[in-house]
There are 2 protein chains.
Amino acid sequence: MNLPDATVAGMRKTNDLFCSTAIGSRDMSVLDHVYTADAHILPPGAEMIGGMPAIKNFWLQAVTGLDVKGATLATVSAEAVGDDVVEIGRAELTLADGRKVPIKYVVHWKFEETAWKWHTDIWNLNQ
Amino acid sequence: MNLPDATVAGMRKTNDLFCSTAIGSRDMSVLDHVYTADAHILPPGAEMIGGMPAIKNFWLQAVTGLDVKGATLATVSAEAVGDDVVEIGRAELTLADGRKVPIKYVVHWKFEETAWKWHTDIWNLNQ
């Protein structure tokens, strides 16, 4: 990884907000600080979704529908590309019944206003 | 899209090689011209795969296992980021029984030697 420490710290802060607040507390208002204003998500089993209201709705339905109790995110590789970052990572969801769901993802990060945010977010399941 | 015409043409050439030769003719040697030397693919239902021999093996197994007869790729958005391109796209596989499988993908493109190539390739199914 060829990223400045401040970038790594900024990315970690954003990921922590997603895990603790969007997933942990099911408070989707925090997604304003996680996704760029014109972000897109590409979830498995659904069409591509753009726009903050639709993204918030997707995550609320996903977290309540699957009864997700927690999430972890771990960077596998992150490359500075121009002003942006392209990251490959692993996620793990913990469901209410204790089951763990391993996920891998690619996020195109942009620095927007004062924070590093997810601009394009695509993932799939390993199994 | 903010890409030079030559970049768009180079990307189309690479996509055509993948569809016509890797999928259409099941000739995986062409993947040397599609993926960068240190590319990674993140297929649904499998772990991340790195390295050309493993990528070639994955595609051969996938195309023969599913009996894929054809593929189309269409760019939804493509953004120049530094020297690279981040693309969101739609793919459609045609199976031997005529069934169509809609797929969406994100590809991180790099210009390597003389061609635009896929450096990171992740996709999932819409359904």
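On a predicted model such as this, the values are computed, not experimentally measured, just so you know.

S.K.: How should the overall build of chain A be read in this particular structure?
M.R.: Looking only at helices and strands, chain A has 2 helices and 6 strands in total. For chain A, the N- to C-terminal ordering of α and β elements is α-β-β-α-β-β-β-β. Radius of gyration (C-alpha) of chain A: 14 Å, near the 14 Å computed for a compact globule of 127 residues. When its C-alpha atoms are laid out on the principal axes, chain A stretches across 40 × 30 × 25 Å. Of all 127 residues assigned to chain A, the portion counted as buried reaches 50%.

S.K.: What should I look at first to understand the packing of aromatic side chains in this one?
M.R.: Aromatic rings in a pair are described by how distant their centres are and how their planes are angled relative to each other. Residue and element names in this part refer to chain A. One pass over the full model with this rule turns up 16 aromatic pairs over all chains. Ring plane angle 75° and centroid distance 5.0 Å describe the contact between phenylalanine 18 and tryptophan 59, whose orientation is recorded as edge-to-face. Residue phenylalanine 18 is located in helix α1 (residues 5-24), and its partner tryptophan 59 is located in helix α2 (residues 52-65); the two are separated by 41 residues in the primary sequence. Tryptophan 59 shares its class with phenylalanine 18; the two are buried. Among the aromatic residues, those joined into a cluster by ring pairs are Phe18, Tyr35, Phe58, Trp59, Trp109, Trp118 and Trp123.

S.K.: I'm lost on α2(A) in this one. Help?
M.R.: An α-helical segment advances 3.6 residues per turn. Residues three or four places apart therefore align on the same side. Residues and elements named next belong to chain A. With 14 residues, α2 extends 19 Å between its outermost C-alpha atoms, agreeing within 8% with the 20 Å of an ideal straight helix rising 1.5 Å per residue. When α2 is considered as a whole, its buried residues turn out to be Met52, Ile55, Phe58, Trp59, Ala62 and Val63. Along the axis of α2, the buried residues cluster in a sector spanning 125°; they form a single face. What points out from α2, more than 90 degrees from its buried face, is the exposed set Pro53 and Gly65. Those residues of α2 that are buried lie in contact with α1, β1 (35-42), β2 (49-50), β3 (68-81) and β6 (115-125). Of the residues flanking the end of α2, it is aspartate 67, one or two places downstream, whose phi is positive at about 50°.

S.K.: Just checking my understanding: could you explain the confidence of the model for chain A for this structure?
M.R.: A low pLDDT score tells you not to read the predicted coordinates there in detail. Mean pLDDT for chain A: 96, with 99% of residues reaching 70 or above. This prediction of the complex comes with two scores: 0.96 for pTM and 0.96 for ipTM.

S.K.: Got a minute to help me understand the pairing of β3(A) in this structure?
M.R.: Every other side chain in a regular strand lies on the same face of the sheet, so the side chains alternate between the two faces. Residue and element names in this part refer to chain A. By the bridge criterion, 12 bridges tie β3 to strand β4 (residues 84-95) in an arrangement that is antiparallel. For alanine 71, the partnering residue across the bridge sits in β4 and is leucine 93. Hairpin connection, β3 to β4: the antiparallel pair is bridged by 2 residues, and glycine 82 has positive phi, about 55°.

S.K.: In this structure, what is going on with the environment of Val86(B)? I would like to understand it.
M.R.: With respect to the helices and strands, the residue Val86(B) is situated in strand β4 (residues 84-95). The class for Val86(B) is buried, based on a relative accessible area of 6%. Sequence-distant contacts of Val86(B), that is, excluding residues within four places in its chain, are made with Val86(A), His108(A), Ser77(B), Ala78(B), Glu79(B), Val81(B), Val106(B) and Val107(B).

S.K.: What should I look at first to understand the relation of the copies chain A and chain B in this one?
M.R.: Superposition of the two copies of the chain requires a rotation about an axis together with a shift along that axis. Superposing chain A onto chain B takes a rotation of 180° combined with a translation of 0.0 Å along the rotation axis, leaving an RMSD of 0.0 Å. In short, the pair behaves as if placed about a two-fold rotation axis. Closest approach to the rotation axis among the C-alpha atoms of chain A is made by Gly82(A), whose C-alpha sits 1.8 Å away. Of all interface residues in chain A, 100% are interface residues in chain B too; the two copies therefore contact each other through one and the same surface.

S.K.: Just to check I follow, could you spell out the sheet that holds β1(A) for this structure?
M.R.: One key point about sheets: their strands pair by backbone hydrogen bonds, in either a parallel or an antiparallel sense. Taken in spatial order, the 6 strands of this open sheet run β2-β1-β6-β5-β4-β3 (chain A), and their pairing is mixed. Sheet topology places β2 and β3 of chain A at the edges, where each strand pairs with a single neighbour.

S.K.: Can you help me understand the interface of chain A and chain B in this one?
M.R.: Frequently, the measure chosen for interface size is the accessible area removed from exposure when the parts meet. The interface of chain A with chain B comprises 29 residues on the first partner and 29 residues on the second. Overall, the association of chain A and chain B removes approximately 2200 Å² of surface from exposure, summing both partners, and the carbon and sulfur fraction of that is 63%. The largest share of the area that chain A buries against chain B comes from Ile88(A), Lys104(A) and Ile122(A), three residues that together contribute 21% of it. Notably, a salt bridge pairs Arg90(B) with Glu47(A), separated by 3.4 Å at the nearest N-O pair. In this assembly, chain A and chain B are joined by 18 residue pairs in polar contact (both at pLDDT 80 or more). Within the residue set of the side of chain A that touches chain B, elements represented by two or more residues are β1, β3, β4, β5 (100-112) and β6 of chain A. The element best represented in the side of chain A that touches chain B is β6(A), accounting for 6 residues. Tallied by class, the residues present in the side of chain A that touches chain B amount to 14 nonpolar, 9 polar and 6 charged.

What counts, and where the lines are drawn
- Residues numbered from 1 in each chain as written.
- Chains lettered and ligands numbered in written order.
- Predicted model: local features only at pLDDT ≥ 70, side-chain atom pairs only at ≥ 80, totals over all residues.
- Heavy atoms only, no water.
- Helix = DSSP H or I, 4+ residues; strand = E, 2+ residues; numbered from the N terminus.
- Rg over C-alpha atoms; globule rule 2.2 N^0.38 Å.
- Buried < 20%, exposed > 50% of the residue type's maximum accessible area, 1.4 Å probe, protein only.
- Phe/Tyr/Trp six-rings, centres within 6.5 Å; stacked < 30°, edge-to-face > 60°.
- Expected span 1.5 Å × (residues − 1).
- Arc of directions from axis to C-beta.
- Contact = heavy atoms within 4.5 Å.
- pLDDT = per-residue confidence, 0-100.
- Pairing = 2+ DSSP bridges.
- Least-squares fit on C-alpha atoms with pLDDT ≥ 70 in both.
- Buried area = accessible area lost by both parts, 1.4 Å probe.
- Salt bridge = Lys/Arg side-chain N within 4 Å of Asp/Glu carboxyl O.
- Polar contact = N/O pair within 3.5 Å; in protein donor to acceptor, adjacent residues only side chain to side chain.
- Nonpolar A, V, L, I, M, F, W, Y, C, P; charged D, E, K, R; others polar.

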